[in-house]
Every structure is written in C-alpha cells, then in structure tokens.
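# Summary of the model geometry
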Amino acid sequence: KENEIILAIETSCDETAAAVVQGGQEVLSNVVASQIESHQRFGGVVPELASRHHTENITFVIEEAMEKANITFEQLDAVAVTEGPGLVGALLVGVNAAKAVAYAHQLPLLPVHHISGHIQAARLLRPWRYPALSLVVSGGHTELILLKDEGEYEVIGQTRDDAAGEAYDKVARTLELPYPGGPQIDRLAEKGNKTLDLPIAWLESDSFDFSFSGLKSAVINTLHNAKQRGETIRPEDMAASFQHSVVTVLTEKTKRAASQHHVQQVVVAGGVAANNGLRSALRDAFSDSDIELTIPPLSLCTDNAAMIGAAAHVQWKKQHTANWDLNGVPGLAL
Ligand code: KG4
Ligand code: ZN
C-alpha cells in the first residue's frame, strides 16, 4: 500500500506535535503545541519542564490531529514517532504515546530519526530529485547531508562545536533578547547594517564542516570592548554582522558541496531554515543554476510532526518497524 495513512508524533524538544500524513505527501492535519512561553523565562529549554508539558498535552494534541484530519483510528495504517535524537525525557513521552495508540489499535510502529524528519519535510512539497543535498540547520544540528537515493543519508559536513541555532540563541542572550533568539536576531538584522568585522570560520579549504563558537566569542568580546571604551553598538548592527557571518558560510559551503557532488536538488531544513537572511542568500546562490532549491514554509521548518509522517513513509515502504521495546535514544545516529 503506497497511500498509507500515518499518525505521526514528535516530542523530541519543546514542541508537542502530532500530524496525520497520507502517502508521505499529503498533510491531513498538523498540530503543534508550543511550550516556548514556559521556557522563555529560563532563557532556554528546561528538560524536566519539557517532559511535564509533553505529558500534559500529548493526548489532546493527538486527539486534535485525528479530529482535524477527520479520520478514525481504524483508518490508520501505522503510528510513527521520533525515536531520537533529543531530550530523553521528552522523547519518552512521544514514544510511549505512540506505543499506546499502536498497541490499542493493532498498528505497526514506525521509528523516525528527527533529522530525517526535518529533511523529508521536503517531500511534502514535491518529489525528490536524486542525488540531493540537504542543509540541516536547527538548535541542535548543523549538517550537510548527501542523499544518494531514498532514505540513504551520508553526512559530509557538520559543526565541530555549536549548532547554528545554538549560536543564534547564545548571541541573542548576550544581546538580552528573549528565547528563542533566532527569530529575534533575524528581525533585528533586517533593520541593521553589517558594520562590524566578525570572523567567518571557513576551516580547511576542502572541509564541509562548520564552527560557530569562535564567532559567538567574537560577538561577546566586541560588545565587551565597546562597553569598556564607552562606545555603544546598535544591536541591529551586531545582529546584521553576526547573521552575515553565519549566512555566508552556510550558503558558500552548501553551494560548493552541491556542485562537487553534482546534486540535482538542495533542500534546506530545520528551525534556522526559517531565517530570512539565509533564505534569500540561498535563493540568490542557486538562482542561475539548474539545481532545484527547496525551502519549506516556516511551519515545516521548525519542529512539527508532519515532517515525521513524511519520513515515516520511507520507513513504511522499507517495512522498517519497531517492536514494543522501542526506546527514546537521545544520541541516535542518522
Ligand atoms: O528545528 P528546531 O525547531 O528545533 C530543533 O530541533 O533544534 O530549531 C530551533 C532553532 C532555535 O535555535 C531557533 O533560535 C532557530 O531554530 N530559529 C531561527 C529562526 N527561527 C528559528 N534562527 C534564525 N533565524 C530564524 N528566523
Ligand atoms: Zn528539530
């Protein structure tokens, strides 16, 4: 069966999400309960708080996803869930909810890798063209991944320290902006100018790896030194300068990897793919090339369960199901 109906569940971080996806292509519903407000006053995600909120919300979120899709549990063909990576206590809530639904309705359980979810969000827009390249940029990941064929992932570059989103969030904190900092810096950057010279970590000339911790330190030092000299730096200009460094290296390495590996399609995935500066720089970079650039809409870039349903389609076709001993795996490899 190619047009299977999957209930997908995602609870790896601070969004409690459930979606119903048909045939890995059609989103029948996509419900996300964000916990951002609860974590905001702590300046970041508090794992224990995340688990509790997931526990409180998961049943309602699943019910709402089923209602919005207008289907019954009997019409489902499988239940998919994020197995990892993520916060273990958060993952466990989704995994156990998925098991409960699957057991009660005698359905197969499909384990999904969170990053393959971010990547496969693209198939909800149009079919893949292989070989393809995906730039995954989120709060926990910065990776360039080559897709030679369906579900075949090869990591060709990754961050050696902070993830891109993590750098955004840390710099935002330094600028005393609320969590999550990415969208805040993005907004400020649009009003600022790249007046400050911040480093860009190119690393070895043939490397597709990234590094953002030096940039983060440079921001902190620049602000500190200015303060000592009694000078003020406009936060808008700092945001624009920081964003320039991040966007330039992400765009250049993606472009280079795409041409070196002769890919037909480039897919941008993860929360930082919501960044306006990155979106427009990538559009410019690929505007005069034959390579198809796919940047999902914001709702499919940040954590959601529709992307998990999309990735579960690949698992479904391979009949890659899990047993009742499925566990949340915080450091799951792709
Ligand atoms: O994929 P995601 O929702 O969760 C993870 O799996 O990590 O990504 C969240 C990250 C956060 O670091 C957030 O600051 C960043 O994505 N982010 C952004 C933007 N929107 C979200 N970063 C830069 N610009 C944005 N517009
Ligand atoms: Zn994510």
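Residues numbered from 1 in each chain as written. Chains lettered and ligands numbered in written order. Predicted model: local features only at pLDDT ≥ 70, side-chain atom pairs only at ≥ 80, totals over all residues.

Going by the annotation in an unreviewed UniProt entry, the name recorded for the protein chain is tRNA N6-adenosine threonylcarbamoyltransferase, with Alteribacillus persepolensis given as the source organism. According to the UniProt record, the Catalytic activity (unreviewed entry) comment for the protein chain is "L-threonylcarbamoyladenylate + adenosine(37) in tRNA = N(6)-L-threonylcarbamoyladenosine(37) in tRNA + AMP + H(+)". Database annotation for the protein chain, UniProt heading Sequence similarities (unreviewed entry): "Belongs to the KAE1 / TsaD family." (UniProt positions renumbered as here; feature names shortened; annotations may be inferred.)

On to the site of ligand 1. The local shell around ligand 1 holds 19 residues, among which Gly139, Gly165, Gly182, Gly271 and Asn275 are the closest. Breaking the shell around ligand 1 down by element, the ones donating at least two residues are helix H5 (164–174) and helix H6 (181–191). Here the element with the most residues in the shell around ligand 1 is H6; it accounts for four residues. Broken down by class, the residue content of the shell around ligand 1 amounts to six nonpolar, 10 polar and three charged. Both domains that meet at the shell around ligand 1, namely domain 1 (5–121 + 302–317) and domain 2 (127–295), each give it at least three residues. (Near = placed C-beta within 6 Å. Helix = DSSP H or I, 4+ residues; strand = E, 2+ residues; numbered from the N terminus. Nonpolar A, V, L, I, M, F, W, Y, C, P; charged D, E, K, R; others polar. Domains from an automatic or database assignment.)

Those places that UniProt annotates as "domain: Gcp-like" (unreviewed entry) correspond, in this numbering, to residues 26–309. In the segment residues 26–309, helix accounts for 48% and strand for 18%; the C-alpha atoms at its two ends are 10 Å apart.

Each assigned domain of the protein chain is listed here: domain 1 (5–121 + 302–317) and domain 2 (127–295). Put simply, the middle of domain 1 and the middle of domain 2, counted by C-alpha atoms, are 27 Å apart. Counting residues at the interface gives 13 residues for domain 1 and 19 residues for domain 2. Examining the composition of the side of domain 1 that touches domain 2, we find that four residues originate from one element, helix H4 (residues 114–120), more than from any other. In terms of residue class, the side of domain 1 that touches domain 2 is made up of six nonpolar, seven polar and no charged. (Contact = placed C-beta atoms within 7 Å.)

A word on the pairing of strand E5 (residues 109–113). Counting buried residues along E5, five of its five residues qualify, which places the element largely inside the surrounding structure. Here E5 shows two buried faces, one formed by Leu109, Pro111 and His113 and the other by Leu110 and Val112. Where strand E4 (residues 78–84) and E5 come together, five bridges link them in parallel fashion. Within the sheet, the bridge partner assigned to Val79 lies in E5 and is Leu109. After leaving E4, the chain enters helix H3 (residues 88–104) and then returns to the sheet as E5, a path that is right-handed. (Buried ≥ 20, exposed ≤ 12 C-beta atoms within 10 Å, placed from the backbone. Pairing = 2+ DSSP bridges. Right-handed = clockwise from strand over helix to strand, strands pointing away.)

In terms of nonpolar packing, the biggest core is built from 100 residues, with Ala8, Ala18, Ala19, Ala65, Val79, Ala80 and Ala312 touching the most fellow members. Looking at this core element by element, the count peaks at nine residues for helix H8 (residues 235–260). Counting the residues that make up this core, at least three belong to each of domain 1 (5–121 + 302–317) and domain 2 (127–295). Beyond its immediate stretch of four places on either side in the chain, Ala80 contacts Ile6, Ala8, Leu110, Val112, Ile308, Gly309 and Ala312. (Core = buried A, V, L, I, M, F, W, Y, C linked by C-beta atoms within 7 Å.)

Time to look at the sheet that holds strand E10 (residues 292–294). Two orientations exist for strands paired in a sheet by backbone hydrogen bonds: parallel and antiparallel. Here we have five strands laid out as an open sheet, ordered E8-E7-E6-E9-E10, and mixed in their pairing. Each edge of the open sheet is held by one strand with a lone partner, namely strand E8 (152–158) and E10. Between one strand axis and the next, the sheet turns through 20 degrees on average, direction left out of account. Here three bridges tie strand E9 (residues 265–269) to E10, and the two strands are oriented parallel to one another. By the bridge assignment, Val267 is partnered in E10 with Thr294. Its contacts with the sheet place H8 against strand E6 (132–137), strand E7 (142–149), E8 and E9, and it is angled at close to 160 degrees to E6. (Axes fitted to C-alpha atoms, helices over the stretch in contact; angles between N-to-C directions.)

Most of strand E2 (residues 15–22) is tucked away, with seven of its eight residues classed as buried. The sheet contact formed by strand E1 (residues 5–10) and E2 spans six bridges and is antiparallel. By the bridge assignment for E2, Leu7 is matched with Val20. Counting the residues between successive antiparallel strands, the hairpin from E1 to E2 contains four residues. Inspection of the sheet shows E2 paired to strand E3 (residues 26–34) by eight bridges, in the antiparallel sense. Each residue of the ladder has a partner; that of Ala19, found in E3, is Asn30. Two successive antiparallel strands, E2 and E3, enclose a turn made up of three residues, where Gly23 displays a positive phi of approximately 60 degrees.

Moving on: the environment of Pro180. With respect to the helices and strands, the residue Pro180 is situated in the loop between H5 and H6. Residues Pro180 and Pro47, 133 residues apart in the sequence, show an inter-C-alpha distance of 15 Å. If we skip the residues at most four places from it in the chain, Pro180 touches Ile36 and Asp169.

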